[in-house]
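# Observations on the model geometry
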Amino acid sequence: MKYFEDVQVGDVFPVGGHTFTADEIKAFAGRFDPQTFHLDEAAAAQSHFGALCASGWHTAVIWMRLMVDRRRALAEAARARGEPVAAMGPALGFRDLKWLKPVYVGDTIDYQSEVIALRPSGSRPRTGLMSFVSTGVNQNGEPVISFVSTTLVERRPEQP
Amino acid sequence: MPKLHWEDFELGAVAIYGPRLVTREEIVAFAAEFDPQPMHLDEAAASATLLGGLGASGWHTCCLTMRMIADGFLLNSSSMGSPGIEEVRWLAPLRPGTRIRLRSTVLDVRASKSRPEMGLAKMNFEVLDDSDAIIMTLVTTFMLGRREAGP
């Protein structure tokens, strides 16, 4: 990961894609969101969703997993080039999370994140705050999720 | 217990759900699957981060909150889902061994303008630790079926 000073508003990070299977939709829902339209095909068919669909939280945490994988790959590549890797996180939270369309069995969601604001931390001189909007789009080009998160990013150490 | 409808959500009503023990094993298992950052996986690595020790993924706290909402009232309601989350703030780490409780407050109730069979309830949730400190806050709006359709 780059230092806070190396990031620009407007930078876009491709995060990756994921295809949601019936088994993982049901497994996630059984643990965290056991509403019938996330657990059972027949019940989902009778619901306003019309078919089995993923918990919105499932759609969100898959973004997190893909983002961690991508940051790790970038960090390993930077270390291989002998470059420093800035510390990132923890995140402070998120806002304006919208579940725009259901994610149905077999849907492939492609995620990306775009930097929308950067500001120094008032309380931590070695970190900055980075805000970014993350979106997930299905195979038909329809947005299914969008949210704005803010996380801490290490600032470039001052040269002696 | 009769099923909850939109009419049962009263402005200002407060309720407490839980406690729910959060173990080290489930914190690490969630992180390994969905948020494999060292601060959620390994004590030694976590102590070197700004988290200052092993703590749950904030998304794990969200998912645990969802489960407590489901078991607390949503599964026994006319829920029609939620359009999203207004805001989540991760205020303090969720440490292994914490018994979390959830405090809910109804912030707003209003009828749907476009769908007479539906109403909306906006709620604030606070995740509390053993000493009542707030670990996380979450604001969301539920779409709920009405007992009697509006005009």
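Computed from a predicted model, the values in this text were never measured in an experiment.

Cut-offs applied
Residues numbered from 1 in each chain as written. Chains lettered and ligands numbered in written order. Predicted model: local features only at pLDDT ≥ 70, side-chain atom pairs only at ≥ 80, totals over all residues. Helix = DSSP H or I, 4+ residues; strand = E, 2+ residues; numbered from the N terminus. Buried ≥ 20, exposed ≤ 12 C-beta atoms within 10 Å, placed from the backbone. Contact = placed C-beta atoms within 7 Å. Pairing = 2+ DSSP bridges. Arc of directions from axis to C-beta. Core = buried A, V, L, I, M, F, W, Y, C linked by C-beta atoms within 7 Å. Axes fitted to C-alpha atoms, helices over the stretch in contact; angles between N-to-C directions. Parallel < 35°, antiparallel > 145°, perpendicular 65-115°, else oblique. Nonpolar A, V, L, I, M, F, W, Y, C, P; charged D, E, K, R; others polar.

### Quick word on the overall build of chain A
In terms of regular secondary structure, chain A is built from 3 helices and 5 strands. Secondary structure of chain A in N-to-C order comes out as β-α-α-α-β-β-β-β. Expressed as lengths along the three principal axes of its C-alpha atoms, the size of chain A is roughly 65 × 35 × 30 Å. The 160 residues of chain A split such that 34% are buried. Once local pairs closer than 6 in sequence are excluded, the contacts in chain A between residues at least 24 apart make up 68%.

### Focus: the interface of chain A and chain B
Interfaces are often sized by the accessible area lost when the parts come together. In this assembly, 22 residues from chain A lie in contact with 25 residues from chain B. Within the residue set of the side of chain A that touches chain B, elements represented by two or more residues are helix H3 (56-80) and strand S2 (88-99) of chain A. By the bridge criterion, 5 bridges tie S2(A) to strand S2 (residues 84-90) of chain B in an arrangement that is antiparallel. Paired with Gly93(A) across the two strands is Arg89(B), which belongs to S2(B).

### Thoughts on helix H1 (residues 22-32) of chain A
Within the span of H1(A), buried status applies to Ile25(A), Phe28(A), Ala29(A) and Phe32(A). One face of H1(A) carries all of its buried residues, which in axial projection span an arc of 100°. Residues Asp23(A) and Gly30(A) are exposed on H1(A) and point more than 90 degrees away from its buried face. Those residues of H1(A) hidden inside the fold are in contact with H3 of chain A together with helix H3 (58-72) of chain B.

### A closer look at the nonpolar core
Core analysis: the biggest nonpolar cluster contains 63 residues, and Val61(A), Trp63(A) and Cys63(B) have the highest contact counts within it. With residues near it in sequence (within four places) discarded, Trp63(A) still touches Val15(A), Tyr111(A), Ser134(A) and Gly136(A). Grouped together as the second largest cluster of nonpolar side chains are 7 residues, Ala86(A), Met88(A), Met130(A) and Phe132(A) included.

### Comments concerning the sheet that holds strand S5 (residues 143-154) of chain A
Strand order in this open sheet of 10 strands is S1(A)-S3(A)-S4(A)-S5(A)-S2(A)-S2(B)-S5(B)-S4(B)-S3(B)-S1(B), and the pairing throughout is antiparallel. The open sheet has two edge strands with one neighbour each: strand S1 (12-19) of chain A together with strand S1 (14-22) of chain B. With direction set aside, neighbouring strand axes in the sheet form an average angle of 20°. As paired strands, S1(B) and strand S3 (residues 98-111) of chain B are joined by 7 bridges and run antiparallel to one another. Note that in S3(B) the partner of Ala15(B) across the bridge is Ser104(B). Across the sheet, H3(B) lies against S2 of chain A together with S1, S2, S3, strand S4 (118-128) and strand S5 (134-145) of chain B, angled at about 125° from S1(B), the strand it touches most.

### Comments concerning the environment of Gly55(B)
All names here are of chain B. Counting through the fold element by element, Gly-55 comes out in the loop between helix H2 (43-47) and H3. Since 24 C-beta atoms lie within 10 Å of it, Gly-55 is described here as buried. Separated by 40 residues in the primary sequence, Gly-55 and Arg-95 place their C-alpha atoms 4.8 Å from one another. Leave out the neighbours within four places in its chain, and Gly-55 touches Met-39, His-40, Ala-46, Pro-93, Leu-94 and Arg-95.

### Observations regarding the packing of H3(A) against H3(B)
Where H3(A) meets H3(B), the closest approach of the two axes is 11 Å, and the angle between their N-to-C directions is 170°. Taken together, the axes of H3(A) and H3(B) are roughly antiparallel relative to one another. Judged by residue contacts, Trp57(A), Ala60(A), Val61(A) and Met64(A) of H3(A) engage Trp59(B), Cys62(B), Cys63(B) and Met66(B) from H3(B). Taken together, the residues of the contact of H3(A) with H3(B) sort by class into 8 nonpolar, no polar and no charged.

### Points about the environment of His18(A)
Residues and elements named next belong to chain A. Turning to its location among the elements, His-18 is positioned in strand S1. Under the C-beta neighbour-count criterion, His-18 is labelled buried, with 20 such atoms within 10 Å. Taking the C-alpha atoms as reference points, His-18 and Leu-66, separated by 48 residues in sequence, lie 8.4 Å from one another. Each residue touching His-18, except ones within four places of it in the same chain, is listed here: Ile-62, Leu-66 and Ile-109.

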